[in-house]
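Here's the letter readout for the chains.
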Amino acid sequence: MDWFVLPDLWRAQGLAVQARLRPEVVVETAENGELTVRHWWGAARLTGATAVTASALRRLNEEWTDSHDLMTVMAAPAPTGEQGAATALAELFWACQEFAFLIELRLVAGERSLLTVKPASYAAKLPVGGLDPTGRRLSRFAFLHRGEDELELASAASAHRVLLQDEETSRLVTSLITGPVHCPGGASGTADVVSGLLAGIGMLEGTETKGGTGMGEALLHVAEFPDLLVHQRSRFGSHDGGFGAEFPFLGRIDPSPAVPRSVAGGLITLPIPDADEVRARDLLLSDAIESRCSLREYSDEPLTLAELGEFLFRCARIRGLYGPMPEANMPYQASDRPFPSGGGVHDLELYALITRVTGLEPGAYRYSAAQHALERVAASAADFDAVLQGALRASSAASAPPALFKIVSRFERMAWKYRSIGYATTLKNVGGLYQTMYLVATAMGLAPCALGSGDEVAGARLLGPSAASELGVGEFMLGRPVSTAAGRKAHAHRCGQTTWRPYVGPGWASEGG
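Description of the structure in this document. (Residues numbered from 1 in each chain as written. Predicted model: local features only at pLDDT ≥ 70, side-chain atom pairs only at ≥ 80, totals over all residues. Heavy atoms only, no water.)

The sheet built from seven strands is open, its strands ordered β12-β17-β16-β15-β18-β21-β20 with antiparallel pairing. The two strands at the open ends of the sheet, each matched to only one other strand, are β12 (268-269) and β20 (447-451). Here four bridges tie strand β15 (residues 348-354) to strand β16 (residues 363-368), and the two strands are oriented antiparallel to one another. Within β16, the position partnered with L353 by the bridge is A364. Contacts between helix α12 (residues 381-395) and the sheet are confined to β15, β16, β18 (403-409), β20 and β21 (471-479), with β15 contributing the most and set at about 100° to the helix. Helix α14 (residues 422-443) rests against β15, β18, β20 and β21 of the sheet, and its axis sits at about 10° to β21. (Pairing = 2+ DSSP bridges. Helix = DSSP H or I, 4+ residues; strand = E, 2+ residues; numbered from the N terminus. Contact = heavy atoms within 4.5 Å. Axes fitted to C-alpha atoms, helices over the stretch in contact; angles between N-to-C directions.)

Strand order in the open sheet made by the seven strands is β5-β1-β6-β7-β10-β9-β8, with antiparallel pairing throughout. Strands at the two margins of the open sheet, each flanked by one partner only, are β5 (65-66) and β8 (142-146). Sheet analysis places strand β1 (residues 15-21) next to β5, joined by two bridges and oriented antiparallel. Counterpart to Q18 in the pairing with β5 is D66.

With that settled, the discussion passes to the nonpolar core. The biggest cluster of nonpolar side chains holds 50 residues, and the ones touching the most others in it are L102, L107, L115, L153, V162 and L198. For this core, the leading source of residues is helix α6 (residues 187-200), giving six residues. Filtering out sequence-adjacent residues up to four positions away, L198 remains in contact with L153, V162, V173, L176, M203, L204 and T207. (Core = buried A, V, L, I, M, F, W, Y, C linked by side-chain atoms within 4.5 Å. Buried < 20%, exposed > 50% of the residue type's maximum accessible area, 1.4 Å probe, protein only.)

The next subject is the pairing of β21. The element β21 is extensively covered by neighbouring structure, given that seven of its nine residues are classed as buried. Examined bridge by bridge, β18 and β21 share seven bridges and lie antiparallel to one another. Counted as the bridge partner of F405 is F476 from β21.

This part is about unusual backbone geometry. A cis amide bond, omega 0°, links G323 with the succeeding residue P324. Among the structural elements, P324 can be located in the loop between β13 (320-322) and β14 (334-336). Residues other than glycine seldom take positive phi values, yet F247 does so here, at roughly 50°. Along the chain, the position of F247 falls in the loop between β11 (244-245) and β12. For F247, a relative accessible area of 8% puts it in the buried group.

What follows is about the side chain of D240. Positionally, D240 belongs in the loop between α8 (225-233) and β11. By relative accessible area, which is 9% here, D240 ends up buried. Reaching out from D240, the side chain makes a polar contact with the side chain of R22 at a distance of 2.9 Å. Residue contacts for D240: discarding those within four places in its chain leaves R22, W40, W41, P119, A120 and R161. (Polar contact = N/O pair within 3.5 Å; in protein donor to acceptor, adjacent residues only side chain to side chain.)

For the rest of this paragraph, the subject is α14. Over its 22 residues, α14 extends 32 Å from the first C-alpha to the last, a length consistent with the 32 Å expected when each residue adds 1.5 Å. For α14, the buried fraction is high: 17 of the 22 residues fall into the buried class. (Expected span 1.5 Å × (residues − 1).)

Attention now goes to the environment of R59. Residue placement: R59 occurs in helix α2 (residues 51-62). For the pair R59 and A334, spaced 275 residues apart in sequence, the C-alpha to C-alpha distance is 48 Å.

Of all seven residues that make up β18, seven are buried, and the element is covered over most of its length. On β18, burial covers both faces: A403, F405, I407 and S409 on one face and L404, K406 and V408 on the other are all buried. Across seven bridges, the pairing between β15 and β18 is antiparallel. Note on β18: the bridge partner recorded for L348 is S409.

There is a patch of nonpolar side chains on the surface, built from Y423, L427 and L471 and spanning about 240 Å² of accessible area. Examined against the element boundaries, L427 turns out to sit in helix α14. (Patch = residues over 30% accessible without salt bridge, like charges linked within 9 Å, V, L, I, M, F, W, Y side chains within 5 Å. Areas by Shrake-Rupley, 256 points an atom, 1.4 Å probe, with all protein chains shown as cover. Salt bridge = Lys/Arg side-chain N within 4 Å of Asp/Glu carboxyl O.)

So, about the pattern of salt bridges. The full count for this structure, using the stated rule, is 28 salt bridges. The partner of R112 in a salt bridge is D166, and the shortest N-O contact between them spans 2.7 Å. Here the residue R112 occupies a position in strand β7 (residues 112-119), and D166 occupies one in the loop between β10 (160-164) and α5 (167-175), the gap between them amounting to 54 residues. A residue is classified by how much of its surface remains accessible, and R112, at 41% relative accessible area, is partly exposed. Residue classification places D166 among the buried positions, given a relative accessible area of 9%. Between R137 and E205 there is a salt bridge whose closest N-O contact spans 3.5 Å. Taken together, the positions of R137 in the loop between β7 and β8 and E205 in the loop between α6 and α7 (217-222) put the pair 68 residues apart, joining distant regions of the chain. Residue E205 is classed as partly exposed on the basis of its relative accessible area, which comes to 25%.

Now the structure itself:
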């Protein structure tokens, strides 16, 4: 409660801490005196609260309240028959700790608001007091950005965010980027209070585990800022922004179509595999899973157009379209494909960079999943080669594969439906597509390899105008293995490593590994 009970020193400097419950919070009182606190993340009940505590919570629910004054009221002698002042104060302390994730704090100097600390997670605790900010800069996970109307300080490793409402305070906070602040004269008190408060919510280096984040030191040592930020913003409870299927643009922007518009003239129809023939030669699912591995060496023999067609048909074609169904909370058209996608949005599309496929000229093509056909993309040889070289760097392969698939996201479909989780969902979709491509390629006896990165700049130039609204999110190489035993040799190579140790059920795997 250090920051809730204002030290006398602060008051001597003309500072005060005001508190209130988050604006959306509703405090309801039942006839039996039970309190229900409804909030952003749900609701909680408080039984057995005294009338004084109930009154204090309602006051915090209605307006900014000077925390010192609130404590003074709670510490006043209780009416006859009521609990003692010490008990009432202890009860309020407990309630404030229990509902710390709903309490906003505002630091004011006279009539001027300096900053407001807002809990952004239901894990948030009241700021830890007594931390010495001396020698500390802003955390490397902290960042400044424009909020609704104010400058906002947030962090990928904090359960709070801070609204900076005063020019001098904003300058003070930004100066913490390069080093701690030591202001001469009377201003030093305010600087110490502000930096101490930031330390208490994990905004300064070395304090990130404070304030209810639940993050361990080991994670903070190795994690990078963008990784933690995407994680924080795409998980429920870790922030207080819009979340999930909120359809933020419904009624303002029409959803983009499930089937993208053609960007090139003319289609090259791909062969459709015979279902009975495929089933007759296919591996069992368990064998495909157990023998799946990444192969980066390719035979000189090219892929056939039939193989390319079968691979794309089994992995990525549109099996059907459905919707819109507003009554089912789906006011957009969805598609059904062999791989999964959040909400049936299916934002992923494939481009094929072909080097060696019989019956197909080398070049870049867009796969039309609705028509099971290829559209030729006018691309420069330099950009084509740059994308291939990026794949070679990412995979350490010695030569270009017969086919490199560049996976892109028509992200406007995701952003139209989802808040916060859109990009994370796209990456999950990529993982589902990767596994589908691996299993189909393995069942077909081909050499697959998914990549962790690719050349985004060259890729955008290669794909032309359509790339302006598409994000490159994956790459996948496909070819013919150097031999039918390539998978077994790759498995044997892994097992031959001096550090190899078999684990659960080693005899259950197929020969392919």
